[in-house]
Amino acid sequence: FKIQSSQISDIIIVLRTAEWFISYALDEYFYFGIFYGMILVFSFYNLIMFVAIRQKQYLYYVLYNLSVGFFEMSTDGIAYQYLWPNATAWNQVSYAFALCATSIFALLFTRELLFVKAKAPKLNKLIMWVITLRIIFFLYCYLFDQHLFSYKFLEAIPLSVAFFTGMYIYKHGYQPARFFVLGYSFLFAGFCLKFLIMLGISWLNFGVVSYYSLSFCFILEMVFLSFAIGDKVRILKLKKDKAQQKIIRQMAVNAKLKDTLNQELESKVEERTREVYHKSLIIESKNQALEEANALLQQQAEEISRMNVLL
């Protein structure tokens, strides 16, 4: 037999009985169901979180997962079998759209999850440049030379940028990056394995395990990225709780200080009131003395007037 393809294709030739083939096909579609089911579950859950919290990281993660699922469906033939069985021309380039979307949304998710814009401004600029160049390369391939789509190893560039960004942010003390780095470690290992097999290193090819190694790595990456999102939410909640406790303690200190000031003011007011009262008593006594003096002067004046009359 002879096979002709316009792009690089993986052909596995196995001679088996019909019973073995049916058993293998059932198992394969069963694992396909688990794989795509996990993608849908993770995507639906994070879509609900996006609707509830309105944080862009959840939306980027949903789009990234769907792009991964779209790419896997395009490469393993599920999409051609069930989604577009009559669109042969589209089937030749569909994986390229999915791969481009995967790289872009992976970088956007990295940028949003790890606060790259605030924690590493230079890496943020690098991510934006890589996204721009990836889009330009995709448009050039699609419009002028679609054979360049077969250079899938170029996806190592955005993958490496995201992986390095995670390690850099984690090294500088941001804890949620640990699960991010772990997830991308599996993905990077799976990508390297596929790339080495593509270069002709045959002893790395273990058949079905090697063929679906990237899918397994995608699953592990999805799990650990979910842990990273959860860890980020947990740390933000802890910071919020600590901030609230600090506010409560500060409010208690302020209330105590207010009470102390009020007591000091009350004591000063009482002291001032006593001083005013004493002064009022003194003034009252002086007024009585003045009144008595005035009365005495009045009597003396009357006596003087009587003496003047007698004189």
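Along each chain, residue indices are assigned from 1 in the same order as the chain's sequence is written. For a predicted model such as this one, the threshold for reporting local features is a pLDDT of at least 70, and the threshold for listing and counting side-chain atom pairs is 80 or more; totals across whole chains, interfaces and linings nevertheless cover every residue. No hydrogens and no water enter the side-chain calculation; it runs on all heavy atoms of the structure.

A. Spotlight on empty space enclosed by the protein. Method remark: on a 1 Å grid restricted to protein atoms, a set of points is classed as a cavity if a 1.4 Å probe fits but cannot get out and as a pocket if it is open with protein on both sides within 12 Å along at least five of seven lines; lining residues have an atom within 4 Å of a point. Grid points are joined across faces, edges and corners, and a volume is the space filled by probe spheres set on the points. Within this structure, the stated rule accounts for one cavity of 30 Å³ or more. What lines the largest cavity is Tyr95, Ala96, Leu99, Arg134, Phe137, Leu148, Phe149, Tyr151, Lys152, Leu154 and Glu155. Mapped onto the lining of the largest cavity, the elements with two or more residues apiece are α4 (88-113) and α6 (121-143). The way it works is that DSSP assigns letters per residue, a run of H or I at least four long becomes a helix, a run of E at least two long becomes a strand, and they are numbered from the N terminus. Broken down by element, the lining of the largest cavity gets its largest block of residues, three residues, from α4.

B. Representation of the nonpolar core within the structure. Residues enter a nonpolar core if they are buried and are Ala, Val, Leu, Ile, Met, Phe, Trp, Tyr or Cys, with the set joined through side-chain atoms within 4.5 Å. Relative accessibility thresholds used throughout: buried, under 20% of the residue-type maximum; exposed, over 50%; partly exposed, between the two (1.4 Å probe, protein chains only). Core analysis: the largest hydrophobic core is formed by 60 residues, its most contacted members being Phe109, Leu114, Phe180 and Tyr184. At the level of elements, α1 (18-53), α2 (56-76), α3 (78-82), α4, α6, α7 (156-171), α8 (177-198) and α10 (213-310) are the ones that each hand at least two residues to this core. In this view, Leu114 contacts Lys119, Thr165, Gly166, Ile169, Tyr174, Ala177 and Phe180; residues no more than four positions away in its chain are not counted. We call two residues contacting when some pair of their heavy atoms lies within 4.5 Å.

C. Looking closely at the packing of aromatic side chains. The pairing test for Phe, Tyr and Trp rings, Trp by its six-membered ring, is centres within 6.5 Å, and the orientation test on the planes gives stacked under 30 degrees, edge-to-face over 60, and tilted for anything in between. Applying the stated criterion to the full structure yields 21 aromatic pairs. Each ring, one from Phe35 and one from Tyr36, has its centre 5.1 Å from the other, and the planes form 70°; the classification is edge-to-face. Across the pair, Tyr36 and Phe35 agree in class, each one buried. Relative to Phe227, the ring of Phe224 has its centre 5.9 Å away and its plane inclined at 80°; by these criteria the two rings are edge-to-face. On the criterion of helical spacing, the pair formed by Phe224 and Phe227 is a turn pair, its members being three residues apart in helix α10. The rule is short: NZ of Lys or CZ of Arg within 6 Å of the ring centre and within 35 degrees of the ring normal puts a charge over the ring. Directly above the aromatic system of Phe50 lies the positively charged group of Arg54, at a separation of 5.7 Å from the ring centroid. The positively charged end of Lys152 is found above the aromatic ring belonging to Tyr95, 4.7 Å away from the centroid.

D. View of the pattern of salt bridges. Salt bridges, as used here, are contacts in which a Lys or Arg side-chain nitrogen is within 4 Å of a carboxyl oxygen on Asp or Glu. Evaluation of the coordinates by the stated rule reveals one salt bridge. With its nearest N and O atoms 2.6 Å apart, the salt bridge here joins Glu155 to Arg134. Here Arg134 lies in helix α6 and Glu155 lies in the loop between α6 and α7, a separation of 21 residues in the sequence. The class for Arg134 is buried, based on a relative accessible area of 11%.

E. Structural detail: a nonpolar patch on the surface. Excluding any residue in a salt bridge, patches collect residues exceeding 30% relative accessible area, merging like charges within 9 Å and nonpolar Val, Leu, Ile, Met, Phe, Trp and Tyr side chains within 5 Å. Accessible surface is estimated by sampling points in the Shrake-Rupley manner with a 1.4 Å probe; for residues, cover comes only from the protein chains shown. Taken together, the side chains of Ile12, Val14, Trp20, Phe21, Ile22 and Leu26 present a nonpolar region at the surface, about 630 Å² in accessible area. Note on placement: Phe21 falls in helix α1.

F. Highlighting the confidence of the model for the protein. Averaged over all residues, the pLDDT of the protein is 83; the fraction at 70 or higher stands at 93%. A score from 0 to 100, pLDDT tells how confident the predictor is in each residue. When pLDDT is averaged over each helix and strand of the protein, the minimum, 68, is found for helix α9 (residues 208-211) and the maximum, 94, for α6.

G. Just the packing of α6 against α7, in detail. The axes are straight lines fitted to the C-alpha atoms, using for helices just the contacting stretch, and the angles between their N-to-C directions are given from 0 to 180°. Look at α6 against α7: their axes get within 11 Å of each other, and the N-to-C directions meet at 165°. With respect to α7, the axis of α6 lies roughly antiparallel. Here α6 and α7 pass one another in a crossing that is left-handed. Residues Leu123, Leu126, Ile127 and Val130 of α6 pack against Pro158, Val161, Phe164, Thr165 and Tyr168 of α7. In this classification, Asp, Glu, Lys and Arg are treated as charged, Ala, Val, Leu, Ile, Met, Phe, Trp, Tyr, Cys and Pro as nonpolar, and every other residue, Gly included, as polar. Each residue belonging to the contact of α6 with α7 can be placed in one class, and the counts come to eight nonpolar, one polar and no charged. Any angle that is under 35 degrees is reported as roughly parallel, and any over 145 degrees as roughly antiparallel; angles of 65 to 115 degrees are reported as roughly perpendicular and all others as oblique. Here a crossing is taken to be left-handed if its near helix is turned anticlockwise relative to the far helix by less than a right angle, and right-handed if that turn runs clockwise.

H. A look at the packing of α2 against α4. Two elements in contact, α2 and α4, have axes separated by 8 Å at closest approach and are oriented at 155°. On the basis of the axis angle, α2 is roughly antiparallel to α4. Pair α2 / α4 crosses with left-handed handedness. Among the residues forming the contact of α2 with α4, the class breakdown is 17 nonpolar, six polar and two charged.

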